[in-house]
Amino acid sequence: MGAVRLGAHVWEGLMSAETQAKLLPGKPVADAVLADVAQRVAKLKEGGVQPSLATILVGDDDASAGYIRIKQRQAGELGFVSPHEHLPSDATQDDLHRVIDRLNADKSVHALLIQYPPPAHIDYDAALMSVDPDKDVDGMHPLNLGRLSVGLPGARPCTPAGIEALLAHYEIPVAGHEVVILGRGATIGRPLAMMLSQKRPTANAAVTVVHTGVPDWERYTKRADILIAAVGVPGIIQPEHVRPGATVIGAGVRYEGRRLLPDVAEEVAEVAGALTPRVGGVGPTTVAMLFRNAVEAAEKASR
């Protein structure tokens, strides 16, 4: 995946608390993943298989519609076809499930995305449960999380998979090191803990999951070799919560209007050895992993 080679003297420099943290942008990681996806899409098409990623949008939220357009444009650039279903804001749960059932049954559709969040009256979890697990491009269907838990192949949650890929790309030592994840959510914290503790060259860590319900959570974060913040509380990670020289991954954000507020305070760069940037860190890798899941679904269907 085009990993950056870091010699021992370089790594020691990254891990020195006397210098500003080395930034770990997600774009080079995403570019490498998407280049691989494009090659795999081309190979499928040469074999007569047209990879397809279908999208569903319920309602008329401008931001959600914008995200769908971005994903469809990216899909087209990679060689996917991307049929789209737009339901009105007053669509019922049954309306949504009928569309999902139709796309599940359509053998030309390999992967399926329901844009989140839907309108308040729509039960997103129920909709996700009705998606064919083999077409679940987000990797969040309970069956896929179960497959992850026992190490079976299946779609992986996109943000955790992107974080593992980011660490691997920059050759940050993970195996045998202590990883602390602040946040126990179903989309990042819990699946990421499973992934990074599994026996693989890019994982195999000692993983601790802690959360803000633990009064002295900083006791855990201060001992981490790799600290991953995934709670969605702006600025919760301050310099005093980080071991000097540690790698810090900011995975949690909150929006105030159009302003993005990350979990990790900017001052952490003065303590950390390596750090994802405020913008353009985990985000690009998350999108890249969505398309990796999509091409893997098409490959599985074509076997």
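Only a predicted model underlies this, so the values are computations on that prediction, with no experimental measurement involved.

What to know about the sheet that holds strand E8 (residues 247-250)
Then, in step 1: Ordered by their spatial adjacency, six strands build an open sheet running E1-E11-E8-E7-E5-E6, and the pairing between neighbours is parallel. The outermost strands of the open sheet, each flanked by one partner alone, are strand E1 (22-23) and strand E6 (206-210).
Then, in step 2: Taken together, the four bridges between strand E5 (residues 178-182) and strand E7 (residues 226-229) define a ladder with parallel strand orientation. Residue pairing for E7: Val179 is matched across the bridge by Ile226.
Then, in step 3: Sheet strands in contact with helix H7 (residues 158-169) are E7 and E8, and its direction is about 145 degrees off that of E8.

Quick look at empty space enclosed by the protein
Then, in step 1: Counted according to the given criterion, the structure contains one cavity of 30 Å³ or more.
Then, in step 2: Estimates place the volume of the largest cavity at around 50 Å³.
Then, in step 3: Leu112, Leu113, Ile114, Tyr124, Leu128, Val131, Asp136 and Asp138 together form the lining of the largest cavity.
Then, in step 4: Secondary structure elements with two or more residues in the lining of the largest cavity: strand E4 (111-114) and helix H5 (124-130).
Then, in step 5: Residue contributions to the lining of the largest cavity peak at three residues, all from E4.

A look at the environment of Pro201
Then, in step 1: The residue Pro201 is located in the loop between helix H8 (189-197) and E6 in this model.
Then, in step 2: Along the chain, Pro201 and Ala168 lie 33 residues apart, while their C-alpha atoms are 8.8 Å from each other.

Some words on the packing of aromatic side chains
Aromatic ring pairs: the centre-centre distance and the angle between the two ring planes describe each pair.
Then, in step 1: Enumeration over the complete set of coordinates arrives at two aromatic pairs.
Then, in step 2: Aromatic pair Phe80 and Phe291: ring centres 5.9 Å apart, planes at 45 degrees, arrangement tilted. Taken as a pair, Phe80 in the loop between helix H3 (62-78) and strand E3 (84-87) and Phe291 in helix H10 (residues 282-302) lie far apart in primary sequence, 211 residues in all. Per residue, the accessibility class of Phe80 equals that of Phe291, and both read buried.
Then, in step 3: Geometrically, the ring pair formed by Tyr116 and Tyr124 is edge-to-face, given 4.9 Å between the ring centres and 70 degrees between the ring planes.
Then, in step 4: Overall, the relative accessible area of 53% leaves Tyr116 in the exposed class.

Some words on the UniProt feature "domain: Tetrahydrofolate dehydrogenase/cyclohydrolase catalytic" (unreviewed entry) in the protein chain
Then, in step 1: Residues annotated by UniProt as "domain: Tetrahydrofolate dehydrogenase/cyclohydrolase catalytic" (unreviewed entry) correspond here to residues 24-138.
Then, in step 2: Split by type, residues 24-138 is 50% helix and 12% strand. Its first and last C-alpha atoms lie 24 Å apart.

Points about the layout of surface pockets
Then, in step 1: If you add up the space inside the second largest pocket, you get close to 330 Å³.
Then, in step 2: The wall of the second largest pocket is formed by 19 residues, among which Ala161, Glu164, Met195, Arg200 and Arg292 lie closest to the centre.
Then, in step 3: Looking at side-chain class alone, the lining of the second largest pocket contains eight nonpolar, four polar and seven charged residues.

Remarks on the pairing of E7
Then, in step 1: Going residue by residue along E7, you find Ile226 and Ile228 tucked away on one face and Leu227 and Ala229 tucked away on the opposite face as well.
Then, in step 2: Where E7 and E8 come together, four bridges link them in parallel fashion. Residue pairing in the sheet places Leu227 in a bridge with Val248 of E8.

Let's talk about the sheet that holds E4
Then, in step 1: Spatially, E3-E2-E4 is the arrangement adopted by the three strands of the open sheet, whose pairing is parallel. For this open sheet the edge positions go to E3 and E4, each flanked by a neighbour on one side alone. For this sheet, the mean inter-axis angle between neighbouring strands, taken without regard to orientation, is 15 degrees.
Then, in step 2: Pairing analysis gives four bridges linking strand E2 (residues 53-58) to E4, with the strands arranged parallel. Within E4, the residue paired with Leu53 across the bridge is Ala111.

Section: H8
Then, in step 1: Three or more residues of H8 are buried, namely Gly189, Pro191, Leu192, Ala193, Met195 and Leu196.
Then, in step 2: Here the buried face of H8 lies against helix H6 (142-149), H7, E5, E6 and E7.

A few points about the UniProt feature "domain: Tetrahydrofolate dehydrogenase/cyclohydrolase NAD(P)-binding" (unreviewed entry) in the protein chain
Then, in step 1: The UniProt feature table records "domain: Tetrahydrofolate dehydrogenase/cyclohydrolase NAD(P)-binding" (unreviewed entry) at residues 157-301.
Then, in step 2: The distance from the first to the last C-alpha atom of residues 157-301 is 19 Å, and the span holds 31% helix and 19% strand.

Thoughts on the packing of helix H2 (residues 27-46) against H10
Then, in step 1: One way to put it is that H2 packs onto H10 with a least axis distance of 9 Å and a crossing angle of 20 degrees. Considered as vectors, H2 and H10 are oriented roughly parallel to each other. For the crossing formed where H2 meets H10, the hand is left-handed. In this structure, H2 uses Lys27, Val29, Ala30, Val33, Leu34, Val37, Arg40, Val41 and Leu44 to contact H10, whose residues at the interface are Pro284, Thr285, Ala288, Met289, Phe291, Arg292, Val295, Glu296, Ala298, Glu299 and Ser302.
Then, in step 2: Tallied by class, residues from the contact of H2 with H10 come to 13 nonpolar, two polar and five charged.

Thresholds, definitions, all that
Residues take numbers from 1 onward in each chain, read along the sequence in its written order. With the structure being a predicted model, the display of local features is reserved for residues of pLDDT at least 70 and the display and counting of side-chain atom pairs for 80 or more, all residues being used for whole-chain, interface and lining totals. Hydrogens and water are ignored here; the side-chain numbers use all heavy atoms of the structure. A pair of strands counts as paired when DSSP detects no fewer than two bridges linking them. To qualify as a helix, a DSSP run of H or I must reach at least 4 residues; to qualify as a strand, a run of E must reach at least 2; elements of each kind are numbered from the N terminus. Any two residues whose heavy atoms approach within 4.5 Å at even a single point are treated as in contact. Simply put, an axis is a line fit to the C-alpha atoms, just over the touching stretch for a helix, and the angle between two N-to-C directions goes from 0 to 180 degrees. Lining residues are defined by having an atom within 4 Å of a point belonging to a cavity or pocket. Those points lie on a 1 Å grid over the protein atoms alone, cavities being sets where a 1.4 Å probe fits but cannot get out and pockets being open sets with protein on both sides within 12 Å along at least five of seven lines. Grid points are joined across faces, edges and corners, and a volume is the space filled by probe spheres set on the points. Stacked, edge-to-face and tilted are the three classes for Phe, Tyr and Trp ring pairs, Trp counted by its six-membered ring, which pair at centre distances within 6.5 Å; planes under 30 degrees apart are stacked, over 60 edge-to-face, the rest tilted. Relative accessibility decides the category of a residue: with a 1.4 Å probe and only protein chains considered, values under 20% of the type maximum give buried, values over 50% give exposed, and everything between is partly exposed. UniProt positions are given in the numbering used here, feature names are shortened, and annotations may be inferred rather than shown by experiment. Residues are grouped as follows: Ala, Val, Leu, Ile, Met, Phe, Trp, Tyr, Cys and Pro are nonpolar; Asp, Glu, Lys and Arg are charged; every other residue, Gly included, is polar. We call two directions roughly parallel when the angle between them is under 35 degrees, roughly antiparallel when it is over 145, roughly perpendicular when it lies between 65 and 115, and oblique otherwise. Each helix crossing is assigned a hand: it is left-handed if the near helix lies turned anticlockwise from the far helix by less than a right angle, otherwise right-handed if that turn is clockwise.

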